[in-house]
Each structure stands twice: as C-alpha cells, then as structure tokens.
Amino acid sequence: MDLSRPLEKDTHQELHRALLTHKVLFFRDQDISPDQHVAFARNFGGLEIHPFAPHHPEIPEMLVIAHDENNRGKENSWHSDVTFRLMPSLGSILRAIEVPEVGGDTLFADMHAAYEALGHSMKQALSGLTAIHDFSRVFGRRLPTEKLDEMKREYPPAEHPVVRTHPETGEKSPYVNRAFTSHIVGMAPDESEKLLDFLYSRASIPEYQCRFRWRKNSIAFWDNRAVQHYAVSDYFPHRRIMHRVTVIGDKPV
C-alpha cells in the first residue's frame with residue numbers, strides 16, 4: 001500500500017475495519033512527506049495539536065520525537081496517548097524518520113485481551129469506577145510554576161472510566177496508565193494505588209503484546225482506545241527520530 005496517494009473509499013473502509021479488528025496496523029517503506037503523513041491521518045478524523053511536546057516547524061499537528069546522545073528516550077512506560085484530555089486520542093500514526101541499527105522497538109498491548117482475562121469478581125469491582133488523569137505527572141516538571149498554573153486552567157484533570165467501552169466495537173478495556181493516571185475517585189489512596197498498580201501490570205503480560213522493529217519509513221497506526229504502547233529506550237546514545245500525528249477521539253464512557 002502506498003500511503004502517499006489519496007485513499008479510495010474501499011481502501012479507507014478496509015483500513016478502518018482492520019484497525020478495529022487488529023488494534024494496530026504496520027506499514028513498511030512509506031517514503032512520504034510530512035504533508036502526506038498528515039493527509040493520510042485526516043482520513044480518520046480531526047488532528048490534535050499537542051500542547052506540550054515539540055512540533056514540526058511547519059506543521060503544528062505533527063510531533064517530532066527525537067532522541068540522541070543529548071536526550072535519552074523517555075517514552076519507556078506503558079501508556080495510551082494524551083489521556084489527560086477530556087476527549088483523548090482515537091489513534092496515533094507514527095513514522096520512523098531515522099532509527100538506530102539496533103533497538104528502539106515499540107511494544108503494543110491489547111487491553112481488551114487483558115480485560116477479558118480478569119476474573120468475574122474483578123470485573124464487577126471495576127464497574128462504575130472512574131479515575132483522574134493529569135498532564136502534570138509527565139509534563140508538569142518541565143514548566144515554571146506560573147506556566148504550569150496557566151496550563152492547568154486550560155487542561156484541568158480529566159475524569160475517565162477505569163474501564164472504558166470502545167465506541168465502535170463495544171469491547172471493554174482498562175483505561176488507566178502509569179503516565180497520566182493519578183488516582184481512582186472515591187477510593188482511599190493506598191487502595192487506589194494497589195488497584196492501579198495491578199491494572200498497570202496487565203500491559204506487561206507478553207501474551208497480550210506484539211513488538212514492532214522499526215526501519216526507516218515504517219509506520220505504525222494504533223487505536224489508543226484499545227491498546228497501550230511502550231517505546232523501548234535501549235539505543236542510547238544513538239539517534240532515533242519519529243514523526244507522530246494523533247487523531248482526536250471522543251469522551252470515554
């Protein structure tokens with residue numbers, strides 16, 4: 001498939017069905033421009049402008065995720081993108097611009113499979129619970145106090161279900177992550193921490209995972225409503241440069 005070309009209706013529908021079925025799609029040898037990358041992403045919805053991460057100098061909707069000997073990779077924890085938003089991401093489309101000879105893989109975990117493996121009593125215990133997601137857990141340390149207060153007013157903590165229902169498939173998945181989730185609403189702090197640690201650990205189970213080895217011009221397109229991902233930071237001090245475009249989603253329920 002050549003993603004530099006406009007998508008025909010049938011191809012778009014096929015990709016949409018494939019994303020819902022497999023939750024992450026991989027494409028090799030996509031030598032496309034940043035504008036073509038953005039155009040492909042727009043087929044699936046509006047695009048977000050990330051309020052904290054570095055942007056492409058000419059395309060605000062495109063993140064530039066760059067690491068080298070001066071900037072070690074920091075995305076090595078299981079998470080779903082921008083869950084601190086009131087309407088978090090539908091999906092992310094990541095393209096490899098420059099990759100190390102060895103390392104820098106990305107792992108993906110099927111959170112619906114993780115949910116299905118839970119016992120009946122645990123599923124019942126999780127039903128109806130909500131949790132708070134807060135950008136400052138990741139990005140707050142980079143901001144001076146005045147700017148942090150300003151951004152907290154613009155992006156207040158978001159309350160989402162601990163288990164969300166996928167708006168298209170109806171599948172249920174744990175929707176908490178170590179990066180952005182601070183606590184479960186209405187639960188004692190020690191109980192909240194214990195339960196969250198258990199749920200976070202579900203993504204680490206190999207049976208729910210796949211692992212993608214990047215090459216230049218490879219693309220991964222994943223459903224943030226159904227999977228978590230982990231960027232392995234094992235390539236320091238070598239260079240790894242990625243471009244990411246994120247499709248806006250809806251309010252989790």
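Preceding this section is the structure that the text describes.
This one's a predicted model, so the numbers in the text were calculated from it and none came from an experiment.

Asker: Would you mind going over the nonpolar core with me for this structure?
Answerer: Among soluble globular proteins, nonpolar side chains are generally buried collectively. Counting residues in hydrophobic clusters, the biggest one holds 20 residues, and the most contacted among them are L15, F27, F40, F44 and F221. Elements with a contribution of two residues or more to this core: helix 1 (9-22), strand 1 (24-27), helix 2 (34-42), strand 3 (89-98), strand 11 (219-223) and strand 13 (240-248). Looking at which element gives the most residues to this core, the answer is helix 2, with three residues. Those residues in contact with F44 that sit more than four places away from it in its chain are L7, H12, L15, H16, L90, F221 and V247. Listed in part, the 14 residues of the second largest apolar core include V24, L63, F108 and A220.

Asker: Would you mind showing me how to read the pairing of strand 11 here?
Answerer: The element strand 11 is largely enclosed, with a buried count of five among its five residues. Relative to strand 11, strand 1 is paired through four bridges, and the arrangement is antiparallel. Along strand 11, the bridge assignment pairs V24 with W222. As judged from the five bridges shared by strand 3 and strand 11, these two strands associate in the antiparallel manner. Residue pairing across strands places G91 opposite D223, the latter belonging to strand 11.

Asker: How should I be thinking about the sheet that holds strand 3 in this particular structure?
Answerer: Paired through backbone hydrogen bonds, the strands of a sheet run either parallel or antiparallel to each other. Read from one edge to the other, the open sheet built from five strands follows the order 1-11-3-13-2, with strand pairing classed as antiparallel. The outermost strands of the open sheet, each flanked by one partner alone, are strand 1 and strand 2 (62-67). Taken over all neighbouring pairs, the strand axes of this sheet differ in orientation by 20 degrees on average, direction set aside. Contacting strand 1 and strand 11, helix 1 crosses the sheet at an angle of about 125 degrees to strand 1. Each of strand 2, strand 3, strand 11 and strand 13 is contacted by helix 2, which is oriented at about 30 degrees to strand 13, the strand it contacts most.

Asker: Would you take a moment to explain unusual backbone geometry for this structure?
Answerer: As a rule of thumb, non-glycine residues mostly have phi less than zero, and peptide bonds are mostly trans rather than cis. Of note, the bond from F236 into P237 is cis; its omega dihedral lies within 30 degrees of zero at 10 degrees. For P237, the location among the structural elements is in the loop between strand 12 (227-231) and strand 13. The backbone phi angle of D29 is positive, close to 55 degrees, even though this residue is not glycine. Tracing the backbone shows D29 in the loop between strand 1 and helix 2. According to the relative accessible area criterion, D29 is exposed, its value standing at 60%. Despite not being glycine, V82 has its phi angle at roughly 50 degrees, a positive value.

Parameters at a glance
- Residues numbered from 1 in each chain as written.
- Predicted model: local features only at pLDDT ≥ 70, side-chain atom pairs only at ≥ 80, totals over all residues.
- Heavy atoms only, no water.
- Core = buried A, V, L, I, M, F, W, Y, C linked by side-chain atoms within 4.5 Å.
- Buried < 20%, exposed > 50% of the residue type's maximum accessible area, 1.4 Å probe, protein only.
- Helix = DSSP H or I, 4+ residues; strand = E, 2+ residues; numbered from the N terminus.
- Contact = heavy atoms within 4.5 Å.
- Pairing = 2+ DSSP bridges.
- Axes fitted to C-alpha atoms, helices over the stretch in contact; angles between N-to-C directions.

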